Amino acid sequence: MNRFYTELKQELENSGGDIWIETVLTGERAGEKRLLHDCPEKAGVSSGASGSEDVFRERISRTPKLVICGGGHVSMPVIRMGKMLGFAVTVIEDRPKFADNARKAGADHVICEPFAKGLSEISGDSDSWFVIVTRGHRYDSECLEAVLKKQYAYVGMMGSRRRVAIVKDQLEAKGIRRDLLDAVHTPIGLEIGAETPEEIAVSVMAEIIQVKNSGNGRGKAGSYPEEILACIFGEHGVVPGERETEKVLATIISRKGSAPRSVGTKMLILEDGSTTDTIGGGCVESEIIQKALLMMRTGKPDFQICTVDMTADEAEEEGMVCGGVVQVMLEKISTDMPDHGL
């Protein structure tokens, strides 16, 4: 177990491509995990290669990065909404006054440089989301040309159909493939009749959420939030001379009905009953915490699959709005995990 999470941490830090995790759910190898860099199968539970065991596959996401090219009026609410939705936000803007506005709006990182130079500082990966909202089609073209040479999850560009067509034709003439150009989300955002900068920002972020949660053909990503990884690796600190606390990682591997959280959602439970993150709260989470605590107190099992069935009647009795059935994978994290920082 130690070796697996050490390898996962290294991959998240060093790899720009998709990372998949496969966990064996049944059979003699239940609980075994491995990293994959190219997974032809869909995310979720399915039969393994031998057919004698079930496996859970998930594409692992990093912290999503929202890169906004341009610091004008529309960018300000996009920055704020991006932060609210959990993105690390970078803004590239060549005008110092507008760059300062982006800082005040809460951007994590502002690059006040010409667009081409600023984009050269961003490597891109499968969890990078690019929004091009510059002040003119010359800058749009410059940004789009640079972005399309990177790895990305999404590229959207603002502009009228005429302006967009000009940019695409210019870049095609420079050798950019037409299929890449046609895959760019233009005009950017969902069609909701948006007019104000705030309404346009809603349409932009709604489109990004739509693409993000559809998995863009790769399967919806699970995640290991930074807080969970930090706790797994002991970054939150262990008092010298004291034993490190036990941990159980809970992951939703399937759901039916109106269960509150999606497949891949994770929560870490410590032996004192405290938790990091949530799998939805309510009686579902409470039951999973109790099972995890029992695993740690009795020392067994190290791995199990739990099914929580919340029918409509039971949900109503517990005061829950949603019902449904969820399967949760519980895996004990070894207590001798080395203390690595993130």
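Read on for a plain summary of the structure. (Residues numbered from 1 in each chain as written. Predicted model: local features only at pLDDT ≥ 70, side-chain atom pairs only at ≥ 80, totals over all residues. Heavy atoms only, no water.)

**Section: the overall build of the chain**
A tally of helices and strands in the chain yields 11 helices and 15 strands. Classification of the 342 residues of the chain by burial places 48% in the buried group. Of the contacts formed within the chain by residues at least 6 apart in sequence, a portion of 60% connects residues at least 24 apart. Counting only carbon and sulfur atoms, one obtains 48% of the accessible surface of the chain, whose full area is about 16,500 Å². (Helix = DSSP H or I, 4+ residues; strand = E, 2+ residues; numbered from the N terminus. Buried < 20%, exposed > 50% of the residue type's maximum accessible area, 1.4 Å probe, protein only. Contact = heavy atoms within 4.5 Å. Areas by Shrake-Rupley, 256 points an atom, 1.4 Å probe, with all protein chains shown as cover.)

**Focus on helix α8 (residues 197-214)**
For the α-helix, the turn length of 3.6 residues means that residues three or four positions removed from each other point alike. With 18 residues, α8 should cover 26 Å at 1.5 Å per step; its first-to-last C-alpha distance of 26 Å lies within 8% of that length. Along α8, the residues that are buried comprise I200, A201, S203, V204, M205, E207, I208 and V211. (Expected span 1.5 Å × (residues − 1).)

**Some points on the pairing of strand β8 (residues 128-132)**
Most of β8 sits inside the fold, with 5 of its 5 residues counted as buried. What you see with β8 is no split at all: S128, F130 and I132 on one side and W129 and V131 on the other are buried throughout. By the bridge criterion, 5 bridges tie strand β5 (residues 65-69) to β8 in an arrangement that is parallel. When the bridges of β8 are listed, K65 appears paired with S128. By the bridge criterion, 4 bridges tie β8 to strand β9 (residues 154-157) in an arrangement that is parallel. Paired with I132 across the bridge in β9 is M157. What joins β8 to β9 is helix α5 (residues 137-147), and the crossover it makes is right-handed. (Pairing = 2+ DSSP bridges. Right-handed = clockwise from strand over helix to strand, strands pointing away.)

**Details of the sheet that holds β9**
Strand order in this open sheet of 5 strands is β7-β6-β5-β8-β9, and the pairing throughout is parallel. The two strands at the open ends of the sheet, each matched to only one other strand, are β7 (109-111) and β9. Averaged over neighbouring strand pairs, the angle between their axes works out to 15 degrees when direction is ignored. Relative to β7, strand β6 (residues 88-92) runs parallel, the two sharing 3 bridges. Among the inter-strand pairings, T90 is bridged to a residue of β7, identified as H109. The strands touched by α8 are β5, β8 and β9; relative to β8, the strand with the most contacts, the crossing angle is about 150 degrees. (Axes fitted to C-alpha atoms, helices over the stretch in contact; angles between N-to-C directions.)

**Some points on the pairing of β6**
Burial analysis of β6 places 4 of its 5 residues in the buried class, which makes it a mostly covered element. Pairing analysis gives 5 bridges linking β5 to β6, with the strands arranged parallel. Bridging across to β6, L66 finds its partner in V89. Running through helix α2 (residues 75-84), the crossover from β5 to the neighbouring parallel element β6 is right-handed. Chirality of the crossover, the property in question, places the unit of β6, helix α3 (residues 96-104) and β7 among those that are right-handed.

**Observations concerning α2**
Counting buried positions along α2 yields 7 of 10 residues, so the element is predominantly enclosed. For α2, the full list of buried residues reads S75, M76, P77, V78, I79, M81 and G82. Of the surrounding elements, those touching the buried residues of α2 are β5, β6, α3 and α8. The first or second residue beyond α2 is G86, which carries a positive phi of 95 degrees.

**Let's talk about the packing of aromatic side chains**
For the structure on display, the rule yields 4 aromatic pairs. Ring geometry for F87 against W129: centres 6.4 Å apart, planes inclined by 90 degrees, an arrangement best described as edge-to-face. Of this pair, F87 sits in the loop between α2 and β6 while W129 sits in strand β8, and the two are 42 residues apart along the sequence. Accessibility expressed as a relative area gives 3% for F87, which makes it buried. Ring pairs connect the aromatic residues F87, W129 and Y154, which therefore count as one cluster. The positively charged end of R135 is found above the aromatic ring belonging to Y139, 4.3 Å away from the centroid. In this structure, R138 is placed above the aromatic ring of Y139, and the distance from its NZ or CZ to the ring centre is 4.3 Å. (Phe/Tyr/Trp six-rings, centres within 6.5 Å; stacked < 30°, edge-to-face > 60°. Lys NZ or Arg CZ within 6 Å of the ring centre and 35° of its normal.)

**Remarks on the state of the cysteines**
Scanning all chains against the criterion turns up 0 disulfides. There is no disulfide at C143, and the cysteine sulfur nearest it, in C69, is 4.0 Å away. (Disulfide = S-S within 2.5 Å.)

**A short note on the nonpolar core**
L66, I68, I79, V89, W129, V131 and I208 are the most contacted members of the largest nonpolar core, which totals 27 residues. Broken down by secondary-structure element, the contributors of at least two residues to this core are β5, α2, β6, α3, β8 and α8. Tallying contributions element by element places α8 first for this core, with 6 residues. Setting aside residues up to four positions removed in sequence, I68 forms contacts with S75, V78, I79, V89, T90, V91, I92, V131 and V133. Of all hydrophobic cores here, the second largest spans 22 residues; its members include I122, Y139, L171 and L181. (Core = buried A, V, L, I, M, F, W, Y, C linked by side-chain atoms within 4.5 Å.)

Take it as geometry only, folks, not as evidence of what the structure does.
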